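Coordinate inspection notes
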Amino acid sequence: MMCLCQSRKIVSVGNTEKYKSYTLSNYRNIRQIDRLSEEQKFAIDVVARVLPFKTNSYVVNELIDWDNLPNDPIFILNFPQREMLHPHHFDRMAKLLKRGASKKEITDCANLIRMALNPHPDGQMELNQACLDGKTIAGLQHKYEETVLCFPSQGQTCHAYCTFCFRWPQFIGVEKFRFAMHEAEELVQYLKVHTEVTDVLFTGGDPLMMKTKIFARYLRKLIHADLPHLKTIRIGTKALSYWPYRFIDDTDADDLLHLFDEVTAAGKHLAIMAHFNSVEELATDTVRNAIGRIRSTGAQIRTQSPLLRHINDKPESWIALWEQQVNLGCIPYYMFVVRNTGNRHYFSVSLARAWKIFRAAYSQVSGIARTVRGPCMSALPGKVQVLGTTRIKDNKVFVLQMIQGRNPEWVLRPFFAAFDDQAIWLDELRPAFDQSHFFYQEELDMLMESSLLSEGVA
C-alpha cells in the first residue's frame, strides 16, 4: 500500500495485521505464550492485578525475541515479572488468587499495595497543579515556569504499557489518581493568563491514542489562538516503539501527518518526545518508515529513556541506542533515572553506577549524539543532573546541578552531595561538607508549606 501523501516520498510497508491488544483477560491466547512455564504465567496473573499490563500484536510479533526468554528486553518491558512486586506484596496477592478470592478482596488488596508504591511522587498532586481564577484545572500540570503539561482525557491509555512506567496510576482505574483534561478551551484560557509559558507538552498515557480528529481539537485551538508567547508544542509518545503504524496506514495516519504540517506551518516548533528504551525498538522497517514520515512534516523527534536494570544498564546499550537514533535523524535528549514510584526496586541502579554508564557511553559517541543529558532525576525541586563524582580536599562528593527548577534561579547552580554508592534518588543524598541542607531546601519547604495551607491541610 502506497502512502497517500506522495510528496513525502515515503513508501508504506503495509500493516499486515490490525492492532490487537492483550491484557490480563486474554494474554494466554498469544501463540508464543506457551513458551512460558505455568509458574511464569501465574506471576503475570499476580503482578498484573496490581500494576497495569497491556501489550499488542506488533510488540508480540515484531519486537519480542521469543527465543531469548526470559531475558529479552522487550518482553521484560511489556510483561510483568514476579520480582516487580516486593515478596510480601506478591505473596499476599498470590494467596488470594490461589483460594479464589472475590473480585472485591483482590481489588482491595491491590489498592493497599498501590498506596505503598508512592503513586504520585515529588509534589505532582500538591505543587504541580495549575489554577485559574482560584480553580484547579483538571488535567494540567505547571511545574516549570515555561512548560505546561496537558493530559487530554481521551489519551489516557497507551498502545502498550511499559512495566517501569511512572505514570502507572493513570491506568489502574482509581479516579483520584488520574490527571485528565476534557476541554481545550481551558488550556487556551490558562495560557492567555500565563504568558511566561513557551511550551505545551501533551502527555498521558499517550496522546496519539486519540483519533486525529479529536487531537486536532486541542492542537488547532492552540495554533489559532492569539498566543504569540507559545513557541513549542511537544507530544510525549511511545507510539513509534509500540505501534508505528499510527503514522503509516492507520485509518487516519495521513490526517495525523497533515495535522503536524498545520502546526509547523503556523510557525510553532513541533517536537515529538519519543521513548525508546532498547535499540530493538528501532530495528523494524515499520518504525524507520514512521520516523521518515514524521520528519517530513518539519517536526523534530527527540528521544529519551530511563536507565533500566535488566534492559539497558550497560554503556553498549546506550551507544547503540544513540547512534541508531542519530542515523535515523532523531535527537538524543535525556537519560533519566528511574522515578521513585511503582516498582523502581526492580529497575533502579545506583546514582554512582548510572553516572559511570552515562560517562562511558557518552565518551564513545560522536558530538552529534552528545545532545543527550543525563543521568537526570525528575525530583521534587526540579530536574537534577548528576554531573559526576570528584574529591574536594578529603571529601568524595557527587557534583549536581538542576537543568530545570521550580524556581528558575536554581538552574545550573552546582551543588554537592556526600558520595553514597547505594543512593538511587535525590532524597537519599545528604549535603556535602557537613552542610545542614541543600541551597534550595528552605525555599522548597516554604513552597510545600504554602501548598498545604492553600489546601486547608495545615
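Just so it is clear, the model here is predicted, and its values are computed rather than measured. (Residues numbered from 1 in each chain as written. Predicted model: local features only at pLDDT ≥ 70, side-chain atom pairs only at ≥ 80, totals over all residues. Heavy atoms only, no water.)

It is at 9 Å that the axes of helix α1 (residues 38–47) and helix α4 (residues 87–98) come closest, and there the two elements cross at 105°. With respect to each other, α1 and α4 are oriented roughly perpendicular. Each of Phe42, Ala43, Asp45, Val46 and Val47 in α1 lies in contact with α4, whose residues at this interface are Phe90, Met93, Ala94, Leu97 and Lys98. When its residues are assigned to classes, the contact of α1 with α4 shows 8 nonpolar, no polar and 2 charged. (Axes fitted to C-alpha atoms, helices over the stretch in contact; angles between N-to-C directions. Helix = DSSP H or I, 4+ residues; strand = E, 2+ residues; numbered from the N terminus. Parallel < 35°, antiparallel > 145°, perpendicular 65-115°, else oblique. Contact = heavy atoms within 4.5 Å. Nonpolar A, V, L, I, M, F, W, Y, C, P; charged D, E, K, R; others polar.)

Bringing α1 into the picture now. Here α1 has its buried residues at Lys41, Ala43, Ile44, Asp45, Val46 and Val47. Contacts made by the buried residues of α1 are with α4. (Buried < 20%, exposed > 50% of the residue type's maximum accessible area, 1.4 Å probe, protein only.)

Glancing now at the pairing of strand β6 (residues 199–202). In β6, alternate side chains face the same way, and those of Asp199 and Leu201 on one face and Val200 and Phe202 on the other are all buried. Pairing of strand β5 (residues 147–150) with β6 involves 4 bridges; the strand directions are parallel. Paired with Leu149 across the two strands is Leu201, which belongs to β6. Sheet topology places β6 next to strand β7 (residues 232–237); 4 bridges connect them, and they run parallel. Residue pairing in the sheet places Leu201 in a bridge with Arg234 of β7. Taken together, β6, helix α7 (residues 212–224) and β7 form a β-α-β motif whose crossover is right-handed. (Pairing = 2+ DSSP bridges. Right-handed = clockwise from strand over helix to strand, strands pointing away.)

Take the nonpolar core next. A general feature of soluble globular proteins is that nonpolar side chains tend to end up buried together. Formed by 133 residues in total, the largest nonpolar core has its most connected members in Phe202, Leu222, Leu240 and Phe247. In contact with Phe247, not counting residues within four places along its chain, are Leu208, Ala239, Leu240, Ala253, Leu256, Leu257, Phe260, Ala290, Arg293 and Ile294. By size, the runner-up hydrophobic cluster in this structure holds 10 residues, among which are Leu149, Ala271, Phe336 and Ile403. (Core = buried A, V, L, I, M, F, W, Y, C linked by side-chain atoms within 4.5 Å.)

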